[in-house]
Amino acid sequence: MPASAARWAASTSSASGGGNILQFDAYTGEFVCIFSDVPEIVYPYEIVWMHDGHLWVSCAPPFDAPFVVELDGQTGAFRRSIVDTNENLPYVSTMSFGGPTGSCITATQAISGNETVYELDPIQGGVLGPVLFPEPPMLNPQFGRFAANGNYLLIGSTAMTPLPTLREFDGQTLAFVRDIAVDLGAKYGVVETLGGCCYLVSELRLDGGHRIDQYDIATGDFVGTAIPRAPAQGNPAAPGFFQAMNSPADLAIGPNGHLFVVGFATPVQTPNGDSPRGAVHEFDLATQKQVRLIGQDDAFDYLDPERLNRPAGLEFKPLPGDYGSSGGAFQGN
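Nothing here was measured: the structure is a model prediction, and the numbers come from that model. (Residues numbered from 1 in each chain as written. Predicted model: local features only at pLDDT ≥ 70, side-chain atom pairs only at ≥ 80, totals over all residues. Heavy atoms only, no water.)

**A closer look at the environment of G98**
And then number 1: On the secondary structure map, G98 appears in the loop between β8 (91–97) and β9 (104–109).
And then number 2: Along the sequence, G98 and A147 sit 49 residues apart, while their C-alpha atoms lie 9.2 Å from each other.
And then number 3: Beyond its immediate chain neighbours, meaning those up to four positions away, G98 contacts S103, I105 and F146. (Helix = DSSP H or I, 4+ residues; strand = E, 2+ residues; numbered from the N terminus. Contact = heavy atoms within 4.5 Å.)

The following block contains the structure:
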C-alpha cells in the first residue's frame, strides 16, 4: 500500500469481549478516534482496505465460526457480512487483494492442520472456494501478502519440524516459486522496504527472541536483522521492559519512512505484575531505534476503549488518489 496516508487503523479487542477499530495519527502517534465499535466486530484480527475504500475485518470469536465483515470506509458503520458463520471457513487469519481477478485471497489457520488458501468474492460476498494447497504443507500460515512484483507471500510458523515459514507463489497462477525461509521461527507479518530491496519480516525465533529480519527480494537470502531484540525483552527486572516489543505481528511503513509494528503481547504494568496487553511500536529503520510506543494501556484501565488490547492488524488509511477505480466514491481522510 502506498505510504501516503495521514492516519492508520488498528484492530483491538475490547473489555466487553467484542472489538474496536481505533484510528491514530501517522506522524504524531496520537489517538484520533474510535473508527468503529459496532457489535458486529468480535475479536478482530486482520483489517484491510478494499478497492472501493471500505474496510474488511476478519473476526475470530472463540466459541463460534469465524467470519468477515465490511465496514463503511468513511463512517465505520457496518455494511454487510462478507463471510458469515455458516460458511464453515477455517480461522481467517489474513486477507490480501490481488491475483488474476483482483479478488480477496485469504490464508486460513485450520485447527486440523489442513492449511488452505481461499478466495473471497468482493462483489457478492461469500467464499468462492480454495485456490491454494501449499505443498509441502505449511503450519499455521498466519499472513499472506501480495508483493509489489505481483507474487503472493505466505508466512507460517513451525513446531518441532522445520517447515517453510516464508514461501512465495506466482501471483497469477499461485504456482510455487520458492521457499525464502525454512527455520524453526514463527513469522506473523511482512512488508517491503521503501527502496524495494528487502522484505521486512516479524520474527519470533528460538535463537534470537522477538525481532524484525530482512530478506533480499531478488535472491530470497537472509541479509540481516533490521530491528534487533530489545535488551529488556523477557526480563521484568530490566529498565525498559514495558517498552520492549513482544510478539511482533503485522507491519507497515509510515509516510515518515518509519516502521510500525504491532506488538501483540507487549506488557503493561499491573498491581500484580505485568500483563501482555500489547501496543504499536514505531521504529526508525536507519538507526534501529524505537521512536515511540503507541496505544499502550499504561494506566491499565480495561474499560478504556481508546487504548489497545491485544492488537493484531494495522493498516494505513488510503487517501483519495490511492484508488483510481473508486470513481471518486471514496474521499479518504
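**Here we look at the state of the cysteines**
Should the sulfur atoms of two cysteines be covalently bonded, the bond is a disulfide.
And then number 1: Taken as a whole and judged by the stated rule, the model has zero disulfides.
And then number 2: As a non-bridged cysteine, C197 has C198 as the owner of its nearest cysteine sulfur, 3.1 Å distant. (Disulfide = S-S within 2.5 Å.)

**Notes on the pairing of strand β12 (residues 143–146)**
And then number 1: By the alternation rule, side chains of β12 split into F143 and R145 and G144 and F146, which are all buried.
And then number 2: Bridging between β12 and strand β13 (residues 152–155) involves four bridges; their strand directions are antiparallel. Among the inter-strand pairings, G144 is bridged to a residue of β13, identified as L154.
And then number 3: Remark: five residues form the turn of the hairpin made by β12 and β13, two consecutive strands paired antiparallel; G150 in that turn has positive phi of roughly 90 degrees. (Buried < 20%, exposed > 50% of the residue type's maximum accessible area, 1.4 Å probe, protein only. Pairing = 2+ DSSP bridges.)

**What about the confidence of the model for the protein chain?**
And then number 1: On average, residues of the protein chain score 83 in pLDDT, and 85% of them reach the 70 mark or higher.
And then number 2: For the stretch residues 1–5, pLDDT sits under 50, and the model shows 18 contacts to residues farther than four places along the chain or on other chains.
And then number 3: The low-confidence segment residues 321–333 (pLDDT under 50) makes 30 contacts with residues lying over four places distant or belonging to another chain. (pLDDT = per-residue confidence, 0-100.)

**Notes on the nonpolar core**
And then number 1: Counting residues in each nonpolar core, the largest one holds 30 residues, and the members touching the most others are W8, L166, Y199, V280 and L314.
And then number 2: Leave out the neighbours within four places in its chain, and V280 touches W8, F260, V261, V262, R292, L293, I294, L308 and L314. (Core = buried A, V, L, I, M, F, W, Y, C linked by side-chain atoms within 4.5 Å.)

**A few points about the sheet that holds strand β2 (residues 19–25)**
The pairing of strands in a sheet happens through backbone hydrogen bonds and is either parallel or antiparallel.
And then number 1: Read across the sheet, four strands follow the order β3-β2-β1-β26 without closing on themselves; strand pairing throughout is antiparallel. In this open sheet, the two strands that pair with only one neighbour each are β3 (31–36) and β26 (314–316). Sheet twist, expressed as the mean angle between neighbouring strand axes with direction ignored, is 25 degrees. (Axes fitted to C-alpha atoms, helices over the stretch in contact; angles between N-to-C directions.)

**Re the packing of aromatic side chains**
And then number 1: Under the defined criterion, the tally for this structure stands at eleven aromatic pairs.
And then number 2: Geometrically, the ring pair formed by F260 and F316 is edge-to-face, given 5.3 Å between the ring centres and 80 degrees between the ring planes. Of this pair, F260 sits in strand β21 (residues 259–263) while F316 is found in strand β26, placing the two residues 56 residues apart along the sequence.
And then number 3: Three or more aromatic residues joined by ring pairs form one cluster here, namely W8, F24, F31, F260 and F316. (Phe/Tyr/Trp six-rings, centres within 6.5 Å; stacked < 30°, edge-to-face > 60°.)

**Looking at the pattern of salt bridges**
And then number 1: Tallied over the entire structure, the rule returns eleven salt bridges.
And then number 2: Across the pair R145 and D250 runs a salt bridge, and its minimum N-O distance is 3.3 Å. In this pair, R145 sits in strand β12 while D250 sits in strand β20 (residues 248–253), placing the two residues 105 residues apart along the sequence.
And then number 3: A relative accessible area of 12% means that R145 is categorised as buried.
And then number 4: Residues E203 and K187 are paired through a salt bridge, measuring 3.0 Å at the closest nitrogen-oxygen approach. (Salt bridge = Lys/Arg side-chain N within 4 Å of Asp/Glu carboxyl O.)

**Some details on unusual backbone geometry**
A negative phi holds for most residues other than glycine; trans holds for most peptide bonds.
And then number 1: The backbone of Y43 shows a phi angle near 45 degrees, a positive value even though the residue is not glycine.
And then number 2: Relative to the helices and strands, Y43 resides in the loop between β3 and β4 (44–49).
And then number 3: Classification of Y43 as partly exposed rests on a relative accessible area of 34%.
And then number 4: Despite not being glycine, S247 shows a phi value in the positive range, around 55 degrees.
And then number 5: If you trace the backbone, S247 turns up in the loop between β19 (222–227) and β20.
And then number 6: Given the relative accessible area of 17%, S247 is considered buried.

**Quick word on the sheet that holds strand β24 (residues 279–284)**
And then number 1: Strand order across the open sheet formed by four strands is β20-β21-β24-β25, with antiparallel pairing between neighbours. Only two strands of the sheet have a single neighbouring strand rather than two, namely β20 and β25 (289–294). Along the sheet, successive strands turn relative to each other by an average axial angle of 25 degrees, direction set aside.
And then number 2: Two elements, β21 and β24, share five bridges in a ladder whose sense is antiparallel. When the bridges of β24 are listed, V262 appears paired with V280.

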